[in-house]
There are 2 protein chains.
Amino acid sequence: MTEKSSDNIKLNETKSNETGQGFDHLRDEIDRIDKSLVKLIAQRLKVTKEIGEIKSDLGLALYHPEREAELIKNKRSYAKELGLSPDLIEDVIRRIIRDSYKSQNAQRAISSKSESKEIVIVGGRGQLGKLFGDLFEKNGDKISVIEKQDHLNSEECLAKLKKADLVLISVPINVTLSVIEKVAKVLNIHNPNCILADVTSIKNQPVQEMLSQHQGAVVGLHPMFGPDIETFAKQTVAVCHGRLKENYQWLLDLLSKKGINLVDVEAKTHDDLMSIIQVLRHLSTVAYGNHLRHEDIDLNKILELSSPIYRLELIMVGRLFAQDPILYSDIIFSDKNNIKMIKRFIERISETLSFVENDDKQSFIQSFNETKEWFGEFADKFAKESNHLIAKAGDGGGIL
Amino acid sequence: MTEKSSDNIKLNETKSNETGQGFDHLRDEIDRIDKSLVKLIAQRLKVTKEIGEIKSDLGLALYHPEREAELIKNKRSYAKELGLSPDLIEDVIRRIIRDSYKSQNAQRAISSKSESKEIVIVGGRGQLGKLFGDLFEKNGDKISVIEKQDHLNSEECLAKLKKADLVLISVPINVTLSVIEKVAKVLNIHNPNCILADVTSIKNQPVQEMLSQHQGAVVGLHPMFGPDIETFAKQTVAVCHGRLKENYQWLLDLLSKKGINLVDVEAKTHDDLMSIIQVLRHLSTVAYGNHLRHEDIDLNKILELSSPIYRLELIMVGRLFAQDPILYSDIIFSDKNNIKMIKRFIERISETLSFVENDDKQSFIQSFNETKEWFGEFADKFAKESNHLIAKAGDGGGIL
């Protein structure tokens, strides 16, 4: 292969040289156009940065979905006028917009606000705790952190907790309940009207615990993203309301202002859905990775053979093993109720496999079609959306 | 939520109006910049189209990986000079390049070539058959099609097969072997030196069958993409060499010229890898979809809660159910040897679940870490690549 390719290249170069200046001239033009593109994008980011500063001064939301949709719509029409693919223009502009949000998010509040809040983050040195601490600081709020080595009744911790407007619990799942209990005990004595909130990825038990241990306002949050996001804009946070919403409305408004999409959900419903999209998905992905290891497949060869769609599926498995196993075991081991559901999933695979063993295509297809019907119009929508994304993946520019 | 959001918008509009012309002026500037961007992109596509025409006239390859890498490298440096994110510029330029390939692929050969080939596609009205027929026609070759209702010994079919330089078998897996046998029988009598090739997604049996039934050149191909690709550039085709490579080298050269990445692989190795990346993946995805149906989860709520990464995983499941179940059952039922491997996968999930049942975090983490080690440096590479892609997915612009 390598030999063949290098022959091809030599051949091409020879032929290309034969065409003389005509070919090179066109390539120079591409380079000139690309440089102009880069300059224009730099100009655009300068202007959006200015807008961001004005918005920040006025306390306006950075992310304005209607304005963005309108802008995209207009540019799609303009692309059509010029005989261009509207999808191309939409993809390019959306990609640039992502960096606008990024630079706007990076802006620090210029002056400390008058209504600045005192916020204590328990576990504030963890990755997620830091992310939220950063968000609050850039908003001009005053952050202090309590970590696991600190004693809650120490003078220093008491001072922090006494003046807090909000205490945010950001600790591993398996210690969330005990930390809530301890913190609430101190708040009950010294600051009963403080807001108590958590960011654990399960919600029913923590919210129940906060409600029963604490007298003041309570809200459970679940950020549906990891600590390595580039921008808060368009990210989702699940909100399980506890008590005295009017007291913590400013917190929700702040998250909205950063472009975060807030989704209200019952704590129990949240946990049921998460058992599917987190627990089952993580567990079966871990098992799939373990399987690849046991089968000892040739990763290099499989990557060489993979078109974008297979590569995408494989990197979604491999990416998990770059993370901390404790994070996943905490989520997967968090609730014994998940075991029954996962057993039903195993039965489902066994059933599907039994169709193959019995050479029963009919049943396989019938079951497939019932699920197709259950997905309804989502199947086609997902196919279109994934094709769009797989094409983006195929553009290249990844790391490998 | 809806009520709250609409209140927010009104509030923003009021405040935004208060800022007067300053704000609007900046937004007008964004619109002007975006229009210039669209115009520049249109110019760029015009120039690459010209280059494509010259390349097509000269029979040069459309996809030139080294030139593309060089161009990207230069623009990344230039972006850095202007204080921009190089990743932003790379993503934008790669996205535009995709449309260049698309328009170059759409070009028809201007004049019929002197060395034009006679190609018969058996199953040429199928989706994949049409895709290849289109590729050959644009190259100036002469295509004829034989379909399942045709009789191979009819005068019309014999005429096609007698003058063929290449017969390409593009039929469903489960009839591939019998079609090869029938076609080879006719070729043996009327055109023994013709090239016989197939595009089935399994390779060992078809290549063996072609070698034993046909005397002339033989090559097995497996296009690692579906019929709905936007461009051949950067797609992969697995090549299992059969016999008399020198006779079908022009076919491989043509695919290379279209930007297709050819990967040589032993037919047996190919099938082993495919049992993992096709059969197991498809079967467990079908089972996962069936599971979602049986659990009757609320798809709307789960989508509302999904951040880009969960959404991505869900659309990769749902997309499958937009396809034809027969396609998947053909692949999954193609080889009984896959059953044992899938049973080992089920054992792997059961093992992982047993760690949870026994509250044995230690074993879960140990097994996780062994797989992490097995992935080696790929785990981090996959994490980076997937973060890049998930960010692209988060830009929006899908269908929903």
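Residues numbered from 1 in each chain as written. Chains lettered and ligands numbered in written order. Predicted model: local features only at pLDDT ≥ 70, side-chain atom pairs only at ≥ 80, totals over all residues. Heavy atoms only, no water.

## Topic: the side chain of Asp99 of chain B
Structurally, the position occupied by Asp99 of chain B is in helix H4 (residues 86–105). A polar atom in the side chain of Asp99 of chain B sits 2.9 Å from the side chain of Arg95 of chain B. (Helix = DSSP H or I, 4+ residues; strand = E, 2+ residues; numbered from the N terminus. Polar contact = N/O pair within 3.5 Å; in protein donor to acceptor, adjacent residues only side chain to side chain.)

## Observations concerning the domain arrangement of chain A
All names here are of chain A. Here the domain parsing of chain A yields domain 1 (21–105), domain 2 (118–265) and domain 3 (270–394). At the junction of the two partners, domain 2 supplies 12 residues and domain 3 supplies eight residues. In total, about 780 Å² of surface goes out of reach between domain 2 and domain 3, with carbon and sulfur atoms giving 60% of it. Where domain 2 meets domain 3, there are three residue pairs in polar contact (both at pLDDT 80 or more). Contributions of two or more residues to the side of domain 2 that touches domain 3 are made by helix H7 (173–190) and strand E6 (236–243). Residue composition of the side of domain 2 that touches domain 3, grouped by class: seven nonpolar, four polar and one charged. (Domains from an automatic or database assignment. Contact = heavy atoms within 4.5 Å. Buried area = accessible area lost by both parts, 1.4 Å probe. Nonpolar A, V, L, I, M, F, W, Y, C, P; charged D, E, K, R; others polar.)

## Description of the relation of the copies chain A and chain B
When chain A is fitted onto chain B, the two copies agree to an RMSD of 0.0 Å after a turn of 180° and an axial shift of 0.0 Å. One copy is carried onto the other by what is essentially a two-fold rotation axis. For chain A, the residue whose C-alpha comes nearest the rotation axis is Val92 of chain A, separated from it by 2.8 Å. By residue overlap, the copies meet face to face through one surface: 100% of the interface positions of chain A are interface positions in chain B. (Least-squares fit on C-alpha atoms with pLDDT ≥ 70 in both.)

## Some points on the interface of chain A and chain B
At the junction of the two partners, chain A supplies 180 residues and chain B supplies 181 residues. Contact between chain A and chain B buries roughly 18,400 Å² in total, counting both sides, with carbon and sulfur atoms accounting for 69%. It is Leu305, Phe333 and Trp374 of chain A in chain A that bury the most area against chain B; as a group they hold 4% of the surface buried on that side. Summed over the shared surface of chain A and chain B, the result is 18 salt bridges. Here Lys75 of chain A makes a salt bridge to Asp31 of chain B, at a shortest N to O gap of 3.0 Å. Remark: the boundary between chain A and chain B carries 44 residue pairs in polar contact (both at pLDDT 80 or more). For the side of chain A that touches chain B, the element with the highest residue contribution is helix H2 (residues 21–58) of chain A, accounting for 26 residues. For the side of chain A that touches chain B, the residue count by class is 89 nonpolar, 38 polar and 53 charged. (Salt bridge = Lys/Arg side-chain N within 4 Å of Asp/Glu carboxyl O.)

## Description of the environment of Ser201 of chain B
Residue and element names in this part refer to chain B. For Ser201, the position within the fold is in the loop between strand E4 (195–198) and helix H8 (204–213). Once the C-alpha coordinates of Ser201 and His222 are considered, the two residues, 21 residues apart in sequence, prove to be 5.4 Å apart. Apart from residues lying up to four places away in sequence, Ser201 is in contact with Ile173, His222, His270, Met274, Gln278 and Ile331.

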